[in-house]
Amino acid sequence: MFELQKGLSVQEKLHILADAAKYDVACTSSGVDRKGGKGMLGNARACGICHSFAADGRCISLLKILMTNHCVYDCKYCINRVSNDVQRAAFTPEEICELTVEFYKRNYIEGLFLSSGVLRNPTYTMEKMCETLALLRNQYHFNGYIHVKTIPGASDELLAKAGCLADRISINLELPTEESLKELAPNKSFQTIINPMAKVSNTIAENRIALGKNAHMERSFGNRYLRGSIFNDENMKSLEGKKENTGMIGQTDARSGLKALDLTNDRELGIYGASDHIRPFAPAGQSTQMIIGASGESDYTLLQTTQRLYQSFDLKRVFYSAYIPINEDSALPSLDTAPPLLREHRLYQADWLLRFYGFQADELLSEEKPDFNVQIDPKCDWALRHLDIFPIEVQTASYDMILRVPGIGPRSAKRIMQARRYGSLSYEGLKKMGVVLKRAHYFITCGGHMMFKTPIEEKYIMRQLIGAHSKENWQITHTEQYHQMSLFDDFGVS
Amino acid sequence: MILAFREYIIQHLCCVWMFYEKWDMMKIFTCKNRFEDMMTCIYDAWEYALVYGHENVSLIREPVVQLSFMDEYIHIEPDADKVKKVVRSIIKSISYEAYMDVYYAALSADDTLDDIYRFLNVGFRMGPALTRMLTEPVVIRMMEHRRKVGNEIHYWREFTRFNAIENKVYVAHIEPKCDVIYMVAGHFADRMTSEHFMIIDENRKYAVMHPADGEMYLTDLSDSEMNVLKKTEEYADEYRVLWDVFFHTIGIRQRENAKCQRNMFPVWMRKHAVEFMEKK
Ligand code: SF4
């Protein structure tokens, strides 16, 4: 089965290997700014650029393909597992480079997202992937965005090489606990995922310091004003100290136990930039993905894992992918199970609350209340459980508090802070600044009075808010209106 | 006596006329829809307003749709010196940020000229604080204009598609609402520095040309040139086919969602996007 199929055209291969890659969600191109220049092709923009939107409404930013869908592993949830009878194909490095460069010049894509099934063994696969990326960077002079998904079990040298060539590196956790991983991905282990994740994380930090930057990844500007932010130095540190929970990320003792990767022989690997300056190591950081709904974990477990991943490994993003049943297996939900899109949406909302709003996982969920409310979003839910602190006065409240009001996002919060220095606010003005009054008005006063005479009473507001949410929820569950990007509108983050 | 009466009537009429002119008649400055013209228009209107008051001038971008009999219209032609003066004083007396607001607003598809004028009016009084004064309605309006134009520029960075002519020249056709091809091309000049490319504004009939390793520039296009260029979209190009295959493979059937797709990639922008064009 290692024989590559002969005689497939590039078009046929593209069809097979894009189809096999489509379940990976991390198709963003953000997180790094890099200028272009003479004699090379491409640059990178930190804001990220989508190029098209597929029929499922998800953004297409990168040429997302597998190098090959041959795989010797047998992960139960995966279409490419060895026990499946599917058509197999493999690209040559040149084919991948040509496709990337030609697509890029036509402005179809922002770069390449290269992943792969395990061909022979992890090391061989990773070698092939690095060979492709080196060719793309050094022969084709491609300076655009590259995201590489590493293969669990590949050697440190290859991991180092991949990170030097790519902008973002990801190792998919796929399942949030050791038990589920054992159950559903028998060839992988928690250690083969967490160890490289920790090494990559340490290498990024070391490399950033060497380049004169702060060790931690850049985060949304507002975080520095948020006492509760998970990215605050104190919060990051305090987590490194405690390793209570079992079977979870904190346990691996990431920072102290694992060394960073050795980048010293990279010069021989030919992965220095043209002007001999060091190419930064994975400048757009590290990300991971978890599948939602293939195993039995609660939202609380998923969110705690997410927070730990951010804090222990300084991941740039954690992605969620609603499980789509493709394989018949007793360990998995049956084939007619609908993908849990609303749950995925709630998790993304909560993820944004962690990254932009200064919330912590424990504030949103608990052992007693381990799953999100399906009817209203996590922020409204939190506010309803804390009615004793509302309403707050927008003219005087702190940035922290303003940001916690449902219907106010970082952008409108910033505008409020600016505007109130020069004059007094009005409901009309708040609306113009992007505040969604439909949600916010239960929780604020402006110039001392509320917009309407509403009782500050949980049941009443809950009923009203559910009314405001029901259309949106219906649309998500009926796959009419789902997209991760809609978060930009919900939360007003730019 | 009769003569005196005549004099009196005439004098009186003059008074009424002057009164009329002073209180009811607006002076309306109009100009073409180009940055230079608009800045000159602002300069001239301002000069007039120093004598007659800002409340008695109004600025409209041509074509003027509804003429009013009560008002007087003057068409303004661009003048490079005045443009320089206006731009310089915005940057000096207000801020660079305010200048960017003005620049973006001037590219808008909507008539933003009067808003720009009022914005500067407040700005020259308030100085650098202007762009942070979000309790001023005109400041919010300008922020909206900038956001709108900025969004459209970003959209075209995403959705512009180049056709390769013999793998040497890359040609894109777009139909933007706002006048943004130059701003859009700036993005590509950085990422494709060593390629020849051009971006054509189909409606305004002009293009940005970017020679490989050279400086880009704007050029008007004649109808016959437009016709020749139109053909570039029909060029056989294997990568167009491959892109189409990729595009139609990468969506997940179980999550299909045309409405969301429409929200994210508006239909009016799809006209020249390969993946949405009808197959020949
Ligand atoms: S390693 Fe597992 S998840 Fe990856 S391609 Fe192979 S079977 Fe699929």
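K.L.:
Looking at this structure, I do not really get the overall build of chain A. What am I missing?
P.N.:
What chain A contains, in helices and strands, is 18 helices and 10 strands. Look at the contacts in chain A between residues 6 or more apart in sequence, and 70% of them connect residues 24 or more apart. With the model as given, the accessible surface of chain A reaches about 19,000 Å², and the carbon-plus-sulfur share is 51%.

K.L.:
I'm lost on the site of the ligand in this one. Help?
P.N.:
Close to the ligand lie Cys71(A), Tyr73(A), Cys75(A), Cys78(A), Arg81(A), Gly117(A), Val118(A) and Lys188(A), which account for all nearby residues. Here the shell around the ligand is built from residues that sort into five nonpolar, one polar and two charged.

K.L.:
It is not clear to me how the packing of aromatic side chains should be interpreted in this structure. Could you clarify?
P.N.:
Any pair of aromatic rings gets described here by the distance separating the centres and the angle formed by the planes. Across all of its chains, the model carries 31 aromatic pairs over all chains by this definition. Their ring planes at 70 degrees and their centres at 5.2 Å tell us that Phe390(A) and Phe443(A) sit as a pair that is edge-to-face. With Phe390(A) in the loop between α12 (378–384) and β9 (392–393) and Phe443(A) in the loop between α16 (437–440) and β10 (444–445), this residue pair connects regions lying 53 residues apart in the sequence. Note on accessibility: Phe390(A) and Phe443(A) belong to one class, buried. A ring pair is formed by Phe159(B) and Phe265(B), whose centres lie 3.7 Å apart and whose planes are at 10 degrees; its orientation type is stacked. With a gap of 106 residues between them, Phe159(B) in helix α6 (residues 137–159) and Phe265(B) in the segment after α10 (258–264) connect regions that are remote in the sequence. On the accessibility criterion, Phe159(B) (2% relative accessible area) is buried. Of the residues examined, Phe265(B) reaches a relative accessible area of 0% and is grouped as buried. Members of the aromatic cluster, connected to one another through ring pairs, are Phe53(A), Phe103(A), Tyr108(A), Tyr155(B), Phe159(B), Tyr239(B), Trp243(B), Phe246(B), Phe247(B), Phe265(B) and Phe276(B). Taking the ring centre of Phe276(B) as reference, the NZ or CZ of Arg270(B) above it sits at 4.3 Å.

K.L.:
In this structure, what is going on with the confidence of the model for chain A? I would like to understand it.
P.N.:
Do not read the predicted coordinates in detail wherever pLDDT is low. Residue and element names in this part refer to chain A. Overall, the predicted model of chain A reaches an average pLDDT of 83, with 85% of residues at or above 70. Across residues 238–257, confidence stays below pLDDT 50; counting only partners more than four residues off in sequence or on other chains, it has 40 contacts. Confidence drops under a pLDDT of 50 for residues 268–276, and excluding neighbours within four residues, the segment shows 15 contacts in the predicted structure.

K.L.:
Please clarify how the pattern of salt bridges should be interpreted in this entry.
P.N.:
Any two side chains of opposite charge can pair, given that their charged atoms come close. Evaluated as defined, the whole model comprises 38 salt bridges over all chains. Between Arg146(B) and Glu97(B) there is a salt bridge, with the nearest N and O atoms lying 3.1 Å from each other. Of this pair, Arg146(B) sits in helix α6 while Glu97(B) sits in helix α4 (residues 96–106), and the two are 49 residues apart along the sequence. For Arg146(B), a relative accessible area of 22% corresponds to the partly exposed category. Shared partners join several salt bridges into a network, and the residues in it are Arg34(A), Arg137(A) and Asp167(A).

K.L.:
How do you make sense of the interface of chain B and chain A when you look at a structure like this?
P.N.:
The parts lose accessible area when they come together, and the size of an interface is often stated as this lost area. Opposite the 55 residues of chain B that make contact, chain A presents 68 residues. Approximately 5,500 Å² of surface area, both sides summed, lies buried where chain B meets chain A, with 58% of it carried by carbon and sulfur atoms. The three residues of chain B that bury the most area against chain A are Arg191(B), Tyr239(B) and Arg255(B), which together make up 15% of that side's buried surface. At the boundary of chain B and chain A, one finds five salt bridges. In this structure, the salt-bridge partner of Arg191(B) is Glu110(A), at a minimum N-O distance of 2.5 Å.

K.L.:
Could you clarify how one ought to interpret the domain arrangement of chain A in this entry?
P.N.:
Residues and elements named next belong to chain A. Taken domain by domain, chain A holds domain 1 (10–330 + 339–356) and domain 2 (374–477). Of all residues in domain 1, Leu 342, Arg 346 and Leu 353 give up the largest surface area on contact with domain 2, accounting jointly for 44% of the area buried on that side. In this structure, the connection of domain 1 to domain 2 is made through two residue pairs in polar contact (both at pLDDT 80 or more).

K.L.:
Explain the sheet that holds strand β8 (residues 317–322) of chain A here, please?
P.N.:
Where strands meet in a sheet, backbone hydrogen bonds hold them as pairs that are either parallel or antiparallel. Residue and element names in this part refer to chain A. Taken in spatial order, the six strands make up an open sheet running β3-β4-β5-β6-β7-β8, and their pairing is parallel. Looking at strand neighbours, the two that pair on one side only are β3 (62–66) and β8, the edges of this open sheet. Sheet twist, expressed as the mean angle between neighbouring strand axes with direction ignored, is 20 degrees. On top of the sheet, helix α6 (residues 190–210) reaches β6 (168–170) and β7 (286–292); it is set at about 150 degrees to β7, its chief contact.

K.L.:
For this particular structure, what's the right way to read helix α3 (residues 122–139) of chain A?
P.N.:
One full turn of an α-helix is made of 3.6 residues, so residues set three or four places apart face in the same direction. All names here are of chain A. When the terminal C-alpha atoms of α3 are compared, their 25 Å separation across 18 residues agrees well with the 26 Å that a helix rising 1.5 Å per residue should span. Every buried residue of α3 is listed here: Pro 122, Thr 125, Met 126, Met 129, Cys 130, Thr 132, Leu 133, Ala 134, Leu 135, Leu 136 and Arg 137. Structurally, α3 contributes buried residues whose contacts are with α2 (93–105), β4 (111–115), β5 (145–149) and α4 (156–165). Immediately downstream of α3, the backbone of His 141 shows phi near 50 degrees, a positive value.

K.L.:
Would you take a moment to explain the domain arrangement of chain B for this structure?
P.N.:
All names here are of chain B. When cut into domains, chain B gives domain 1 (22–153) and domain 2 (160–276). The distance between the C-alpha centroids of domain 1 and domain 2 comes to 32 Å. For the pair domain 1 and domain 2, the two sides together bury roughly 820 Å², of which 67% comes from carbon and sulfur. Among the residues domain 1 hides against domain 2, the three largest losses belong to Leu 107, Glu 152 and Ile 153. Together they make up 65% of the total. Our enumeration of links across domain 1 and domain 2 arrives at three residue pairs in polar contact (both at pLDDT 80 or more).

Scoring rules and cut-offs
Here the residue numbering is sequential within each chain, running from 1 through the sequence in written order. By the order in which they are written, chains take letters starting at A while ligands take numbers starting at 1. Where totals are concerned, whole chains, interfaces and linings use all residues; where local detail is concerned, this predicted model gives features only for residues with pLDDT of at least 70, and gives and counts side-chain atom pairs only at 80 or more. Note that water and hydrogens are dropped before the side-chain values are worked out from all heavy atoms of the structure. The helix and strand labels rest on DSSP assignments: H or I over at least four residues marks a helix, E over at least two residues marks a strand, and numbering proceeds from the N terminus. Should any heavy atoms of two residues lie within 4.5 Å, those residues are counted as being in contact. Note on areas: Shrake-Rupley, 1.4 Å probe, and residue coverage restricted to the protein chains presented here. We call a residue near a molecule or strand as soon as one heavy atom of that residue lies within 4 Å of the molecule or strand. In this classification, Asp, Glu, Lys and Arg are treated as charged, Ala, Val, Leu, Ile, Met, Phe, Trp, Tyr, Cys and Pro as nonpolar, and every other residue, Gly included, as polar. Put simply, two rings from Phe, Tyr or Trp (the six-membered ring, in Trp's case) pair if the centres are within 6.5 Å, and we call them stacked under 30 degrees between planes, edge-to-face over 60, tilted for the rest. Only protein chains enter the accessibility calculation, which uses a 1.4 Å probe; a residue is then buried when its area is under 20% of its type maximum, exposed when over 50%, and partly exposed in between. Two conditions define a charge located above a ring, namely a distance within 6 Å from the ring centre to NZ of Lys or CZ of Arg, and an angle within 35 degrees of the ring normal. Confidence per residue, as judged by the predictor, is encoded in pLDDT with a range of 0 to 100. We define a salt bridge as a side-chain nitrogen of Lys or Arg found within 4 Å of a carboxyl oxygen belonging to Asp or Glu. Buried area counts how much accessible surface, traced with a 1.4 Å probe, disappears from two parts once they are put together, with both parts' losses summed. Domain start and stop points were drawn from an automatic or database domain assignment. Under this definition, polar contacts are N or O atom pairs within 3.5 Å; protein pairs additionally need one hydrogen-donor-capable and one acceptor-capable atom, and for neighbouring residues in sequence, both atoms have to be side-chain atoms. One requirement defines pairing of two strands: DSSP has to find at least two bridges between them. A fitted line through C-alpha atoms serves as each axis, taken over the contacting stretch for helices, and the angle formed by two N-to-C directions is quoted from 0 to 180°. Take the residue count of a helix, subtract one, and multiply by 1.5 Å to get its expected span.

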